[in-house]
Amino acid sequence: MSPIRPPVRQAMLFVPLPFIVSGLLGLLLLRTIRSREEAWREEGLFLLLVAAYAIQSVLVGLRWGYDMRGLVPIQAMLAVALPPLSWLAFQGLAGSAAAGRGVPPVAHAAGPLLAVLLLVVWPDPLDALIIALFIGYGAALLWQARQGTDGLGASRIEAALGSHRSLVATGVALVSSGAVDLAIGLDTAWSGGRHAAALVSGGNMLAILALGWAAWTAGESVVAPAAQAPGAASPADPPPARVPAEGIEDDADLAAIAKAVEALMAERHLYRDVDLNLDRLARRLGRPARAVSRAINRTTGLSVSQYVNNQRVAEACRLLAHTQEPVTRILFEAGFQTKSNFNREFQRVTGTTPSAWRRASASACAD
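The shown structure was predicted, so the numbers you read here are calculated from the model rather than taken from an experiment.

Caption draft 1: Representation of helix H6 (residues 126-145). The terminal C-alpha atoms of H6, which comprises 20 residues, lie 29 Å apart, in line with the 28 Å expected from a rise of 1.5 Å per residue. What H6 keeps buried is the set Leu 126, Leu 129, Ile 130, Ile 131, Leu 133, Phe 134, Tyr 137, Gly 138, Leu 141, Gln 144 and Ala 145. Among the structural elements, helix H4 (72-94), helix H5 (110-121) and helix H7 (160-191) are those in contact with the buried residues of H6.

What follows is the structure, given as structure tokens:
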């Protein structure tokens with residue numbers, strides 16, 4: 001008997017997982033669209049990513065579960081579009097930090113166009129191109145992630161940590177998926193694809209699910225276009241000032257920027273803006289986002305998201321101590337949007353929960 005099992009028997013073992021993954025991604029997509037009417041306008045790239053991952057999961061399931069080899073060209077064409085689409089989506093969250101990098105968005109169509117050409121004239125190198133795109137774009141995203149949360153200047157402050165984690169997860173998943181594809185190619189060459197179905201189920205499917213989750217999570221941090229478009233201003237914003245070019249700021253300049261940020265927080269209560277992000281803060285100051293980030297990092301030792309959330313927690317502590325408002329109302333007044341983020345940041349800053357802090361404050365006043 002041949003050591004290679006027939007494709008149909010492999011399908012009985014491996015076909016469920018791709019469709020389960022696709023179903024989960026589909027539920028995420030529907031949940032996002034139904035919960036936010038403007039989801040497509042505000043989070044279009046991320047929602048498109050989730051939809052693409054869901055479709056790709058179905059194609060992988062049909063290909064490896066039912067041996068539908070006619071779907072391979074479609075699967076390959078969709079696969080080459082996923083890495084550049086992931087990159088462009090997160091570049092949108094990078095905001096002004098992504099400006100001037102010298103690579104226009106249209107240049108990222110080169111990979112998919114080359115794949116179409118190869119499919120027509122010379123299909124042999126197509127698998128190598130897909131692997132290179134996944135590993136290359138994944139590595140680029142991980143390189144971008146080294147900047148921390150401040151590298152995502154267009155992400156809402158409250159969601160910056162989650163966006164950064166999604167960025168890292170996407171980079172890791174892309175690299176892992178490329179590595180799994182490489183392993184499948186080697187297995188096909190060496191053993192006739194004996195372990196290919198297992199590799200797909202155990203590797204690529206988990207990677208696709210991770211990518212879809214990361215895209216959905218990051219999409220939730222996108223600020224509405226009116227608030228994040230370059231030069232846009234909120235009703236409370238002054239007319240946008242001309243932002244000077246990036247330069248090397250000395251200690252005195254950074255200290256001045258940090259003092260201006262502190263004044264905005266104290267006088268304008270800017271931390272209460274739920275859509276506040278680094279780019280928006282920089283526009284208020286008329287300074288480059290990178291300079292604002294460096295100034296806060298240098299003077300406080302905190303990232304911009306940590307600094308702003310510290311201001312929000314301080315306001316929440318004041319309201320907890322001097323009012324009887326419920327915690328759910330206080331978190332919104334302080335600038336938070338979700339209870340989970342509020343509780344996490346409150347615990348980080350104070351080491352306790354809002355309710356426990358209020359009880360301790362009341363007890364101290366009584367004494």
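Caption draft 2: Fine view of helix H11 (residues 278-285). Counting buried positions along H11 yields 7 of 8 residues, so the element is predominantly enclosed. Residues of H11 that are buried include every one of Leu 278, Asp 279, Arg 280, Leu 281, Ala 282, Arg 283 and Arg 284, and no others. The residue sitting at the N-terminus of H11 and contributing the capping side-chain oxygen is Asn 277; that oxygen lies 3.2 Å from the backbone nitrogen of Asp 279. Just beyond H11, the residue with positive phi is Gly 286, at close to 70°.

Caption draft 3: Quick peek at the packing of helix H10 (residues 251-268) against helix H12 (residues 289-300). Taken N-terminus to C-terminus, the directions of H10 and H12 make an angle of 90°; their axes are 8 Å apart at the nearest point. With respect to each other, H10 and H12 are oriented roughly perpendicular. Where H10 approaches H12, its residues Asp 251, Leu 254, Ala 255, Ile 257, Ala 258 and Val 261 are matched on the opposing element by Ala 291, Val 292, Arg 294, Ala 295, Ile 296, Arg 298 and Thr 299.

Caption draft 4: Inspection of the pattern of salt bridges at higher detail. If you walk through the whole model with that rule in mind, you get 9 salt bridges. Residue Arg 318 is joined to Glu 315 by a salt bridge in which the shortest nitrogen-to-oxygen separation is 2.9 Å. In this pair, Arg 318 and Glu 315 are both assigned in helix H13 (residues 304-322), 3 residues apart and thus about one turn of the helix distant. Classification of Glu 315 by relative accessible area gives buried; the value is 7%. Beyond isolated ion pairs, a larger network of salt bridges with shared partners links Arg 272, Glu 315 and Arg 318.

Caption draft 5: Geometry of unusual backbone geometry. Of note in the backbone geometry, His 269 takes a positive phi value of approximately 50° without being a glycine. By the secondary structure assignment, His 269 is in the loop between H10 and H11. Taking relative accessible area as the criterion, His 269 reaches 32% and is therefore assigned partly exposed.

Caption draft 6: Structural detail: the environment of Gly 111. Tracing the backbone through its elements, the reader meets Gly 111 in helix H5. By relative accessible area, which is 13% here, Gly 111 ends up buried. Residues Gly 111 and Pro 84 lie 27 residues apart in sequence; the distance between their C-alpha atoms is 8.1 Å. Each residue touching Gly 111, except ones within four places of it in the same chain, is listed here: Leu 129 and Leu 133.

Caption draft 7: Molecular detail of the packing of aromatic side chains. Inspection of every chain in the model, using the stated rule, returns 2 aromatic pairs. Aromatic ring contacts, followed pair by pair, group Phe 336, Phe 342 and Phe 346 into a single cluster. Over the ring of Phe 336 we find Arg 312; its NZ or CZ atom is 5.8 Å from the centre of that ring.

Definitions and cut-offs
- Residues numbered from 1 in each chain as written.
- Predicted model: local features only at pLDDT ≥ 70, side-chain atom pairs only at ≥ 80, totals over all residues.
- Heavy atoms only, no water.
- Helix = DSSP H or I, 4+ residues; strand = E, 2+ residues; numbered from the N terminus.
- Expected span 1.5 Å × (residues − 1).
- Buried < 20%, exposed > 50% of the residue type's maximum accessible area, 1.4 Å probe, protein only.
- Contact = heavy atoms within 4.5 Å.
- Polar contact = N/O pair within 3.5 Å; in protein donor to acceptor, adjacent residues only side chain to side chain.
- Axes fitted to C-alpha atoms, helices over the stretch in contact; angles between N-to-C directions.
- Parallel < 35°, antiparallel > 145°, perpendicular 65-115°, else oblique.
- Salt bridge = Lys/Arg side-chain N within 4 Å of Asp/Glu carboxyl O.
- Phe/Tyr/Trp six-rings, centres within 6.5 Å; stacked < 30°, edge-to-face > 60°.
- Lys NZ or Arg CZ within 6 Å of the ring centre and 35° of its normal.

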